Protein chains: 2
Amino acid sequence: MSPVTNGQVIFNEAPAPGPLVPGKSGMIYKEDSIDIDTVALDGGFLVKVLYLSIDPVILGRLGGPPGWGYVAGKPILNYGLGRVLRSEHASFKAGDLVYGLMNFEEYTVYPVAQAGQFSVVDNSIPLVAWLGPVGLAGESAYYGWKEHVPSTVKGKVCFVSSGAGGVGSMVIQLAKRDGMKVIASAGSEEKVAIMKQLGADVAFNYKTTATKDILAKEGPIDVYWDNVGGETLEAAIDAAAPFAHFIECGMVSGYDGQAYGIKNLFLTIPKSIQIHGFVVVYLASKWGAEFRETIPKLIASGEIKYNIEVVKGLEKAEEVFIGQLSGKVTGKPVIQVGAE
Amino acid sequence: MSPVTNGQVIFNEAPAPGPLVPGKSGMIYKEDSIDIDTVALDGGFLVKVLYLSIDPVILGRLGGPPGWGYVAGKPILNYGLGRVLRSEHASFKAGDLVYGLMNFEEYTVYPVAQAGQFSVVDNSIPLVAWLGPVGLAGESAYYGWKEHVPSTVKGKVCFVSSGAGGVGSMVIQLAKRDGMKVIASAGSEEKVAIMKQLGADVAFNYKTTATKDILAKEGPIDVYWDNVGGETLEAAIDAAAPFAHFIECGMVSGYDGQAYGIKNLFLTIPKSIQIHGFVVVYLASKWGAEFRETIPKLIASGEIKYNIEVVKGLEKAEEVFIGQLSGKVTGKPVIQVGAE
């Protein structure tokens, strides 16, 4: 068979500080070619990518340090789901569905050295769910929740920002499962409706209702799951109950470099507030097995819901990523690269 | 015997925001009189105050809410050491040395209802030590350290601000006892010398050497014991090692109401920083017994040192308190009210 087109999203250079500009985001779509029947595997395996996850963590790697940041001229890397087309590796066979860190390209041959970053998954749940509630977003919510929300605050009041996103939507449901009253914020009426469907007791649009007013009325809060930072974090500190726990998962509000200065951190002392920054990968060894045992079943049974927004075409990756950071994407975004 | 003078420091009204101004600090010295031989005890006991502790916590109570704030027209209240002159209470007898929350006045009759706030102490250590390394300052350091510094970071690098103060000087020694490299900052050369005597490996004057430069050279830091907040806290976040623990004990830098906005809190996420606000009284039930068993012996043997600055005369309380907040007092300040 003759070569086919192999679309790719390549990292060229770190974007300038400030809001990402299309064409200058650091990621460029281009097309290469590959002969999927004859390309040498050298002991590895060839994957056809079906779905790729778009997550805020990509931003950090676009401007990240050597070793963590992306490599100029190479494809962007993030979690994806694909099908093995050919394999010379014992752990994978043609037809397997694999999940793991994948290049942003339609077809990739992974060498033996990278085999460890993949796992074979099944179709017991919709395939896109592997990239949302069972993927990085779901892991972030689950690991952070299990590690940093103690029994002393369960059953009380939880506030979640970006509650309609991949992480936030899982946090709402974990909090409800722990018997908490859940207050959730997001930036559109459509997102407010989603948060209510997910079980939030109080859902509001922070663009039309002041966060501090809602928290003054519905708080004080015992847990704040922070996906945004900035003024929302400051309002949460003001509204915190004594011995509150803050889980710092993301600060997307400052992604454009306009970091907001938090002026009320002194309240952490009289209120005995505990603030927990965390990185999902460092908690995987502790909570991963329990997560994989628990969450897929709850997804399959419908007990845990999710809201994934599938956009077709790898060439849309940049647009969707910028949309996610600026709040224009409603659900957890996933790029459909190839047909299932 | 005829009445004697009974000097008092009375709370009149909450001070205006901003640096405290002498005469408008909220505390006023005045003189009453008392007949110590005949004043009615009504089942309580009469205490002659020997020493009163001056601590930053007084500021919060000068402007505090009802129940926590001081009561207008009544004396300022803080930890003190006194001698029982007369008693009708079974727990105390004439001659006993008592430690506890005391009125800022020379003589006070405490009713039965307040007896629980006092304990009888001995003279196995210098009496002023009960108000420093064995008092609120020592308790703050010990309880906060035991509760919030896990074994994962012991033996690594600790940074302490206000390292020559009552709390900071104990923290330096606790960190050294846990095998840590200690970096300590304060605002004068005299304080730098004290911090070195206490065992700090690196001691510097933040007024003449930039904190960020020292931390860049001597860090990264695994523990930050924060007594000041503000720009120092921001520099510590920049210099934090992954999985660092920050213990928020005080933010005296913002005491004048000019709160500094912390702009780099997003670093708590990639660095997995844990920030622990705490209030000493809430940790007393957990760590108090161990503290009372351990620290007085280490004071008596000289294994733990302290630096108390004794100022004679209750009328000096306001001046010493303002001096403490503005960094003009070198050691942990104590007012000597009466002769031992």
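Residues numbered from 1 in each chain as written. Chains lettered and ligands numbered in written order. Predicted model: local features only at pLDDT ≥ 70, side-chain atom pairs only at ≥ 80, totals over all residues. Heavy atoms only, no water.

- The name an unreviewed UniProt entry gives chain A is Alcohol dehydrogenase, with Coniophora puteana as the organism.

**Observations regarding the packing of aromatic side chains**
Residues and elements named next belong to chain A.
- Inspection of the entire model under this criterion finds 28 aromatic pairs over all chains.
- Ring centres 4.9 Å apart and planes at 15° place the aromatic pair phenylalanine 159 and tyrosine 224 in the stacked group. One end of the pair, phenylalanine 159, is in strand β8 (residues 157–161); the other, tyrosine 224, is in strand β11 (residues 221–226), with 65 residues separating them in the sequence.
- Since its relative accessible area comes to 0%, phenylalanine 159 is described here as buried.
- Put simply, the rings of Phe45, Phe92, Tyr110 and Phe118 touch in pairs and so form one group of aromatic residues.
- Stacked on the ring of tyrosine 260, the Lys or Arg lysine 263 has its end atom at 5.9 Å from the ring centre. (Phe/Tyr/Trp six-rings, centres within 6.5 Å; stacked < 30°, edge-to-face > 60°. Helix = DSSP H or I, 4+ residues; strand = E, 2+ residues; numbered from the N terminus. Buried < 20%, exposed > 50% of the residue type's maximum accessible area, 1.4 Å probe, protein only. Lys NZ or Arg CZ within 6 Å of the ring centre and 35° of its normal.)

**Description of helix α3 (residues 166–177) of chain B**
Residue and element names in this part refer to chain B.
- Taking 1.5 Å of rise per residue, 12 residues should cover 16 Å, and α3 covers 17 Å from first to last C-alpha, within 8% of that figure.
- Counted residue by residue, α3 has 10 buried out of 12 residues, so it is predominantly covered.
- Buried within α3 we find Gly166, Val167, Gly168, Ser169, Met170, Val171, Ile172, Gln173, Leu174 and Ala175.
- Where α3 ends, the next residue or the one after it, glycine 179, has phi of about 75°, a positive value. (Expected span 1.5 Å × (residues − 1).)

**Examining the environment of aspartate 226 of chain B**
Residues and elements named next belong to chain B.
- Among the structural elements, aspartate 226 can be located in strand β11 (residues 221–226).
- Judged by relative accessible area, which is 0%, aspartate 226 ranks as buried.
- Beyond its immediate chain neighbours, meaning those up to four positions away, aspartate 226 contacts Ser161, Leu233, Ile247, Glu248, Cys249, Gly250 and Met251.
- Polar contacts involving the side chain of aspartate 226 include one to the side chain of tyrosine 224, which spans 2.8 Å. (Contact = heavy atoms within 4.5 Å. Polar contact = N/O pair within 3.5 Å; in protein donor to acceptor, adjacent residues only side chain to side chain.)

**Overview of the interface of chain B and chain A**
- The partner chain A presents 26 residues to the 26 residues of chain B that form the contact.
- Roughly 2,000 Å² of surface becomes buried between chain B and chain A when both sides are summed, with 65% attributable to carbon and sulfur atoms.
- Its largest share of buried area at the contact with chain A, chain B owes to Leu265, Ile269 and Ile275 of chain B, together 25% of the area lost on that side.
- At the boundary of chain B with chain A, the tally comes to zero salt bridges.
- When residues of the side of chain B that touches chain A are traced back to their parent elements, those giving at least two are β12 (240–248) and β13 (274–277) of chain B.
- Per-element tally for the side of chain B that touches chain A: the top contributor is β13 of chain B, with four residues.
- Across the side of chain B that touches chain A, the residue classes tally to 16 nonpolar, eight polar and two charged. (Buried area = accessible area lost by both parts, 1.4 Å probe. Salt bridge = Lys/Arg side-chain N within 4 Å of Asp/Glu carboxyl O. Nonpolar A, V, L, I, M, F, W, Y, C, P; charged D, E, K, R; others polar.)

**Brief notes about the pattern of salt bridges**
- Inspection of every chain in the model, using the stated rule, returns 20 salt bridges over all chains.
- Between lysine 93 of chain A and aspartate 96 of chain A there is a salt bridge, with the nearest N and O atoms lying 3.2 Å from each other.
- Take aspartate 96 of chain A: its relative accessible area is 9%, and that puts it in the buried class.
- Here lysine 297 of chain B makes a salt bridge to glutamate 293 of chain B, at a shortest N to O gap of 2.6 Å. Residue lysine 297 of chain B and its partner glutamate 293 of chain B are both found in helix α7 (residues 280–300); the two are separated by four residues, about one turn of the helix.
- Residue class for glutamate 293 of chain B comes out partly exposed when judged on its relative accessible area of 47%.
- Where salt bridges share partners, they join Lys181, Lys217 and Glu218 of chain A into one cluster.

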